[in-house]
Amino acid sequence: MPALDAFPRKVWNRIAGHRLRTGEPLAMAYPDPAGYGPLRERIATYLGLSRGVACLPEQVFVTAGYRATLELVLRSLATPDDVFWFEDPGYLQAQLFLRNAGAKLAPVPVDGHGLMVEEGVRRAPDARFALVTPSHQSPLGVTLSLERRMALLEWAGKAGSWIIEDDYDSEFRYQGRPLPALKSLDRADRVIYCGTFSKVMFPGLRLSYVVVPLGAVQRFHAVCASLNAGCPYLFQAGVADFIAQGHFSRHLKRMRLLYAERRAVFVRALEQVFGNRLQIELQPGGLHIVAGLAAHEDDVLMAERARAAGFGIKSLSSWYLDNEPQRGLLLGFANVADAAMAKRLALKLKKAMEG
Ligand SMILES: Cc1ncc(COP(=O)(O)O)c(C=O)c1O
């Protein structure tokens, strides 16, 4: 969850309100299933400038969240027996979605350099898809090394497979500049790039996007027109204006500083309250902390207790598929406003975990 208290709500209300009041007939008609044209243009420009992704607006499809993106990709490119490399541990929501869709998952372990590509090639050389979070691995937070990026692209090129790059929160990096996306190195057009407005704006918008290879644009068009009737015009137009008027880049700049501060404050409070019961190794970016627990601790139970006390905390071990799970808690820090709140929350969490 991003910092909801720090979102420029007044600006947003003004922009969205203006679109509502102007009452364009377009707002009342069926939207373009591929997305509102000016928003697709803004996204293409933003990706070129900020993520090193060179694409045409025609390659950008606006979707209603990452799982809607996955659905569009699967319906456009997958067949029933396709195998998917899946990071182990990996994003739980994506795992549940793919299992529900009947996809066959090949778990590929993750270490300090990200997805172990060699291991993927050894276990499932003929997989049709690889789902990866290269900028900020979900949930461990590590970055996929350049060597592995090149190996992954080489494998996909040779095997004729697709790489689905989930670039969900790469804008928030606290050491150095955000790294270019994996897609920026993709000479053979094997990478399907996925982004979302959930972290950079707010998740209630339900707006995300996917950049599809040029050769697949027609296929995606046909599928998205038959799948649903697109995302609501008003929010798309509002986001396009928010970007065009410079609010988006200002907001990102502010949030980078704010999140770095909030993370430091929250980690300090956790260390004070928990001592070395929680092992916190900070990663360069992201909106959550991975707090390791000793092997004898039941992180699933701890997270359940925390949730019962009102926290939105997840257990690390439940994000594993095959690999020997590490125990730990995934803790969001974006909404921890100050030191007093951090201390209060840390104490409340400790109490909740004790049952
Ligand atoms: C790993 C990962 N991918 C993608 C997303 C974005 O999902 P959505 O666009 O559905 O909000 C999230 C959101 O938390 C995430 O953690």
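Residues numbered from 1 in each chain as written. Predicted model: local features only at pLDDT ≥ 70, side-chain atom pairs only at ≥ 80, totals over all residues. Heavy atoms only, no water.

Draft legend 1. Quick look at the state of the cysteines. Applying the stated rule across the entire model yields zero disulfides. Its sulfur unpaired, Cys55 is 12 Å from the next cysteine sulfur, which belongs to Cys194. Cys231 takes part in no disulfide bond, and the closest cysteine sulfur, belonging to Cys224, lies 9.5 Å away. For Cys231, a relative accessible area of 7% puts it in the buried group. (Disulfide = S-S within 2.5 Å. Buried < 20%, exposed > 50% of the residue type's maximum accessible area, 1.4 Å probe, protein only.)

Draft legend 2. Fine view of the nonpolar core. Counting 66 residues, the largest nonpolar core has Phe197 and Met201 as its most contacted members. Top element by residues in this core is helix H9 (residues 247-274). It accounts for eleven residues. Looking at which domains feed residues into this core, each of domain 1 (8-245) and domain 2 (249-354) supplies at least three. What Phe197 contacts, discounting residues up to four positions off in sequence, is Leu39, Ile43, Phe202, Leu205, Leu207, Ser208, Tyr209, Val239, Ile243 and Phe248. (Core = buried A, V, L, I, M, F, W, Y, C linked by side-chain atoms within 4.5 Å. Helix = DSSP H or I, 4+ residues; strand = E, 2+ residues; numbered from the N terminus. Domains from an automatic or database assignment. Contact = heavy atoms within 4.5 Å.)

Draft legend 3. How the structure looks around the domain arrangement of the protein chain. Taken as a whole, the protein chain is organised into domain 1 (8-245) and domain 2 (249-354). Domain 1 and domain 2 are separated by 26 Å when their C-alpha centres are compared. Listed as interface residues are 33 residues of domain 1 and, on the opposing side, 24 residues of domain 2. Contact between domain 1 and domain 2 buries roughly 2500 Å² in total, counting both sides, with carbon and sulfur atoms accounting for 63%. If you look at where domain 1 meets domain 2, you find zero salt bridges. Broken down by secondary-structure element, the contributors of at least two residues to the side of domain 1 that touches domain 2 are strand E2 (83-88), helix H4 (92-100) and strand E3 (104-111). Looking at the side of domain 1 that touches domain 2, the element that brings in the most residues is E3, giving four residues. Tallied by class, the residues present in the side of domain 1 that touches domain 2 amount to 18 nonpolar, eight polar and seven charged. (Buried area = accessible area lost by both parts, 1.4 Å probe. Salt bridge = Lys/Arg side-chain N within 4 Å of Asp/Glu carboxyl O. Nonpolar A, V, L, I, M, F, W, Y, C, P; charged D, E, K, R; others polar.)

Draft legend 4. Just the side chain of Asp241, in detail. Locating Asp241 in the fold gives a position in helix H8 (residues 233-244). Under the relative-accessibility criterion, Asp241 is labelled buried at 14%. A polar contact of 2.8 Å, which involves the side chain of Asp241, links it to the side chain of Arg19. Not counting residues up to four positions away in its chain, the partners in contact with Asp241 are Ile15 and Arg19. (Polar contact = N/O pair within 3.5 Å; in protein donor to acceptor, adjacent residues only side chain to side chain.)

Draft legend 5. Main features of the layout of surface pockets. Its volume calculated, the largest pocket comes out at about 1200 Å³. Around the largest pocket, the lining is made up of 38 residues, and of these Met1, Pro2, Lys199, Gly312 and Lys314 lie nearest the centre. Residue assignment for the lining of the largest pocket shows that the elements contributing at least two residues are helix H3 (66-77), H4, strand E12 (328-332) and helix H11 (339-354). Split into classes, the residues belonging to the lining of the largest pocket amount to 22 nonpolar, ten polar and six charged. Here the lining of the largest pocket spans two domains, since at least three of its residues come from each of domain 1 (8-245) and domain 2 (249-354). By volume, the second largest pocket amounts to about 390 Å³. Along the wall of the second largest pocket there are 17 residues; nearest its centre are Tyr46, Ser50, Ser249, Leu252 and Arg256. Within the residue set of the lining of the second largest pocket, elements represented by two or more residues are helix H2 (37-50) and H9. (1 Å grid on protein atoms, 1.4 Å probe; cavity = no way out; pocket = protein on both sides within 12 Å on 5 of 7 lines; lining within 4 Å. Points joined across faces, edges and corners; volume = space filled by probe spheres on them.)

Draft legend 6. Molecular detail of the site of the ligand. Taken together, Gly65, Tyr66, Tyr91, Ser138, Asp166, Tyr168, Thr196, Ser198, Lys199 and Arg206 make up all the residues around the ligand. Contacts to the ligand include Tyr66, whose backbone N or O atom sits 2.9 Å from an oxygen atom. For the ligand, whose accessible area on its own is 390 Å², the fraction buried by protein is 88%. Placement of the ligand is best described as lying within the largest pocket. Considering only residue class, the shell around the ligand consists of three nonpolar, four polar and three charged. (Near = heavy atom within 4 Å. Areas by Shrake-Rupley, 256 points an atom, 1.4 Å probe, with all protein chains shown as cover. Sits in = over half its atoms within 2 Å of the grid points.)

Draft legend 7. Spatial organisation of the packing of aromatic side chains. Under the criterion given, the structure shown has 16 aromatic pairs. Ring centres of Trp12 and Phe235 lie 6.1 Å apart, and the angle between their planes is 50°; on these two criteria the pair is classed as tilted. With Trp12 in helix H1 (residues 9-22) and Phe235 in helix H8, this residue pair connects regions lying 223 residues apart in the sequence. Taken together, the ring pairs connect Phe7, Trp12, Phe202, Phe235 and Phe242 into an aromatic cluster. Sitting above the plane of the Trp162 ring, Arg190 keeps its charged end 4.0 Å from the centroid. If you follow Lys348 out to its NZ or CZ, it ends over the ring of Phe311, 5.4 Å from the centre. (Phe/Tyr/Trp six-rings, centres within 6.5 Å; stacked < 30°, edge-to-face > 60°. Lys NZ or Arg CZ within 6 Å of the ring centre and 35° of its normal.)

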